[in-house]
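Residue-level structural notes
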Number of protein chains: 2
Amino acid sequence: MPTTRSYRDACPIARALDLIGERWALLVVRELLFGAQRFSDLSRALPGASTNMLTDRLRELEAHGVVRRRVLPPPAACSVYELTDRGRELEPLLNALGEWGSAEPRSASSSLTATSVLLFLRGSARAHHSSPTDTYRLQLGDRVWTVSTESGQLEIKAEDPAAPAASLRTDPETLNALLLDPDGLDTAIAAGAVHIEGRLSSLRRLLRVAT
Amino acid sequence: MPTTRSYRDACPIARALDLIGERWALLVVRELLFGAQRFSDLSRALPGASTNMLTDRLRELEAHGVVRRRVLPPPAACSVYELTDRGRELEPLLNALGEWGSAEPRSASSSLTATSVLLFLRGSARAHHSSPTDTYRLQLGDRVWTVSTESGQLEIKAEDPAAPAASLRTDPETLNALLLDPDGLDTAIAAGAVHIEGRLSSLRRLLRVAT
DNA sequence: CCGCATCCGTTTCGATACTG
DNA sequence: CAGTATCGAAACGGATGCGG
């Protein structure tokens, strides 16, 4: 059953927390930043969240106008959750949260999620605009993203690209390491930690956006 | 007993939420933005939070380096809680949260807290720099602040001023209304909702920073 | 009074199992 | 796949107590 408790405080900060302050709520929003996701995608992306928790949060976020549930037309015939405009306005907040949190040491028992690394990738590209227009296919674990560079911006969407110039398949930890040290790419490929298709030189350039 | 649960996610957003994502944590930080507060001050400022909850949150925030407990030297002989440097770095986050939350309609059953109105006052002054250097005493309910204007900035501290140019005593709701409509000051004084001392013209100027 | 600690009922969380 | 059902554990919220 969805949570209804409130701080009963007219302060805008408290009002915001009434909507997105419950446990897992902002992490659900984080997962939806790169596009619509199915229930099972969210569940796999947030392994610590139980399914009934996810149901509750999605219902609450939907009731609060942050998330929208959409039933895809046939033949897909499945439903997805996506951010509303109001939900997308949370992005500066998530950036501020991430900036503050990145100063905290990383605990050994924590794992790196795909979305987290992609947020880092996109954030890094903002500062650094040097890449030509290109589209890549990026696969982390069993999830796939489209990464496209255009005029220094880097756009990431949670969908399979139509005609990628190159493809990279790895796991979040390895990608994170490669963003911090792009020179490790050949070693990672040799070790089987990274699988690529298409032009290696394009992928090399992509990985350098963070350095 | 303080909370120890964690998202176990290396994402900076999740790491931040591990530290300041528990219920009431960010509202405690909000209350400390204008200076050190005693336990009982915090308790009165956050009427919805039970005392054991407050104890837990303060212990956690202290353990995480966000808040510091300091024992005042005699003759005060009491302890106060204040933000550390790390805690003060949460201010942009709270601003982002407040900005997002202010788009949400205010529920009828919510009350306006003093700190909330003061954040609005200070935030309004940022945009609008037109005030001369002055120090005011502001009393809302039974709590007292020092408000000082200098070169377009407005500084607010949770302490009694030494030599205020003027004093204003009212409640959060009335102050909020006056910031939205400074022309209501005379009516509010006549109605006994506002008590002033010192130069009325200075106070009039102070109230106009938000318009 | 202040600063908690303790007790206790309720809500929420988290894990697992199960269903259409 | 997309959730519900169930249940124990933890967190929350309110009240009371207690030493300084």
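Residues numbered from 1 in each chain as written. Chains lettered and ligands numbered in written order. Predicted model: local features only at pLDDT ≥ 70, side-chain atom pairs only at ≥ 80, totals over all residues. Heavy atoms only, no water.

What follows covers the overall build of chain A. Regarding its fold elements, chain A presents 10 helices and 7 strands. Against the globule reference of 17 Å for 211 residues, chain A gives a C-alpha radius of gyration of 18 Å, in line with a compact fold. Viewed in the frame of its principal axes, chain A has a C-alpha envelope of about 55 × 45 × 35 Å. A total of 211 residues make up chain A; the buried ones form 50% of that total. Contacts spanning at least 24 positions in sequence make up 58% of the contacts within chain A whose residues lie at least 6 apart. Of the accessible surface of chain A, which amounts to about 9800 Å², a share of 51% is contributed by carbon and sulfur atoms. (Helix = DSSP H or I, 4+ residues; strand = E, 2+ residues; numbered from the N terminus. Rg over C-alpha atoms; globule rule 2.2 N^0.38 Å. Buried < 20%, exposed > 50% of the residue type's maximum accessible area, 1.4 Å probe, protein only. Contact = heavy atoms within 4.5 Å. Areas by Shrake-Rupley, 256 points an atom, 1.4 Å probe, with all protein chains shown as cover.)

Around DNA strand D, a shell composed of 23 residues is seen, among which Ser40 and Thr51 of chain A together with Arg23, Asn52 and Arg57 of chain B lie nearest. Among the atoms of DNA strand D lying within 4 Å of the protein, the sugar-phosphate backbone contributes 69%. Contacts to DNA strand D include Trp24 of chain B, whose side-chain N or O atom sits 2.8 Å from a phosphate oxygen. Here a phosphate oxygen of DNA strand D and a backbone polar atom of Gly48 of chain B are 3.2 Å apart. Those elements that provide at least two residues to the surface near DNA strand D are α3 (39-45), α4 (51-63) and β2 (79-83) of chain A together with α4 (51-63) of chain B. Looking at the surface near DNA strand D element by element, the count peaks at 4 residues for α4 of chain A. When the residues that make up the surface near DNA strand D are grouped by side-chain class, the tally is 5 nonpolar, 10 polar and 8 charged. (Near = heavy atom within 4 Å. Polar contact = N/O pair within 3.5 Å; in protein donor to acceptor, adjacent residues only side chain to side chain. Nonpolar A, V, L, I, M, F, W, Y, C, P; charged D, E, K, R; others polar.)

Moving on to the domain arrangement of chain A. Residue and element names in this part refer to chain A. In terms of domains, chain A is made up of domain 1 (12-100) and domain 2 (114-210). In this structure, domain 1 and domain 2 have C-alpha centres spaced 24 Å apart. Counting residues at the interface gives 10 residues for domain 1 and 11 residues for domain 2. Counting each side, the surface lost to burial between domain 1 and domain 2 is near 960 Å², with a carbon and sulfur contribution of 51%. For domain 1, the biggest contributors to the area lost against domain 2 are Arg30, Phe34 and Arg44; these three give 59% of the whole. Residue Glu91 pairs with Arg122 through a salt bridge whose shortest N-O separation is 2.5 Å. Where domain 1 meets domain 2, there are 5 residue pairs in polar contact (both at pLDDT 80 or more). Those elements that provide at least two residues to the side of domain 1 that touches domain 2 are α2 (25-32) and α3. A per-element tally of the side of domain 1 that touches domain 2 places α3 first, with 3 residues. Here the residues of the side of domain 1 that touches domain 2 are counted per class, giving 4 nonpolar, 1 polar and 5 charged. (Domains from an automatic or database assignment. Buried area = accessible area lost by both parts, 1.4 Å probe. Salt bridge = Lys/Arg side-chain N within 4 Å of Asp/Glu carboxyl O.)

Before going further, it helps to examine the pattern of salt bridges. By the definition in use, this model includes 40 salt bridges over all chains. We note a salt bridge from Arg30 of chain B to Asp9 of chain A, for which the minimum N-O separation is 3.1 Å. Taken together, the residues Arg30 of chain B in helix α2 (residues 25-32) and Asp9 of chain A in the segment before α1 (12-20) connect one chain to another. Here the two residues Arg30 of chain B and Asp9 of chain A agree in accessibility, since each one is buried. Two residues, Asp41 of chain B and Arg44 of chain B, come together in a salt bridge whose shortest N-O distance is 3.4 Å.

Neighbouring DNA strand C are 23 residues; Arg23, Trp24 and Asn52 of chain A together with Ser40 and Tyr81 of chain B lie closest to it. Restricting the count to atoms of DNA strand C within 4 Å of the protein gives a sugar and phosphate share of 67%. One of the side-chain N or O atoms of Arg23 of chain A is found 2.6 Å from a phosphate oxygen in DNA strand C. In the environment of DNA strand C, a base nitrogen lies 3.4 Å from a nitrogen or oxygen atom belonging to the side chain of Thr51 of chain B. Listing elements by their share of the surface near DNA strand C, those giving two or more residues are α4 of chain A together with α3 (39-45), α4 and β2 (79-83) of chain B. Its residues assigned to classes, the surface near DNA strand C shows 4 nonpolar, 11 polar and 8 charged.

Take Arg126 of chain B: it is sitting in helix α7 (residues 114-127). Each C-alpha atom of the pair Arg126 of chain B and Glu82 of chain B lies 24 Å from the other, and the pair is 44 residues apart in sequence.

You can see Leu93 of chain A is positioned in helix α6 (residues 91-101). You can call Leu93 of chain A buried: its relative accessible area is 3%. Here the alpha-carbon distance between Leu93 of chain A and Leu26 of chain A, two residues 67 residues apart in the chain, equals 9.7 Å. Setting aside residues up to four positions removed in sequence, Leu93 of chain A forms contacts with Ile20 and Leu26 of chain A together with Leu93, Ala96 and Leu97 of chain B.

Ranked by internal contacts, the top residues of the largest apolar core, which has 120 residues, are Ile20, Leu97 and Leu118 of chain A together with Ile20, Leu97 and Leu118 of chain B. The contact partners of Leu97 of chain B, leaving out residues within four places of it in the chain, are Pro12, Ile13, Ala16, Leu17, Ile20 and Leu93 of chain A together with Leu26 of chain B. (Core = buried A, V, L, I, M, F, W, Y, C linked by side-chain atoms within 4.5 Å.)

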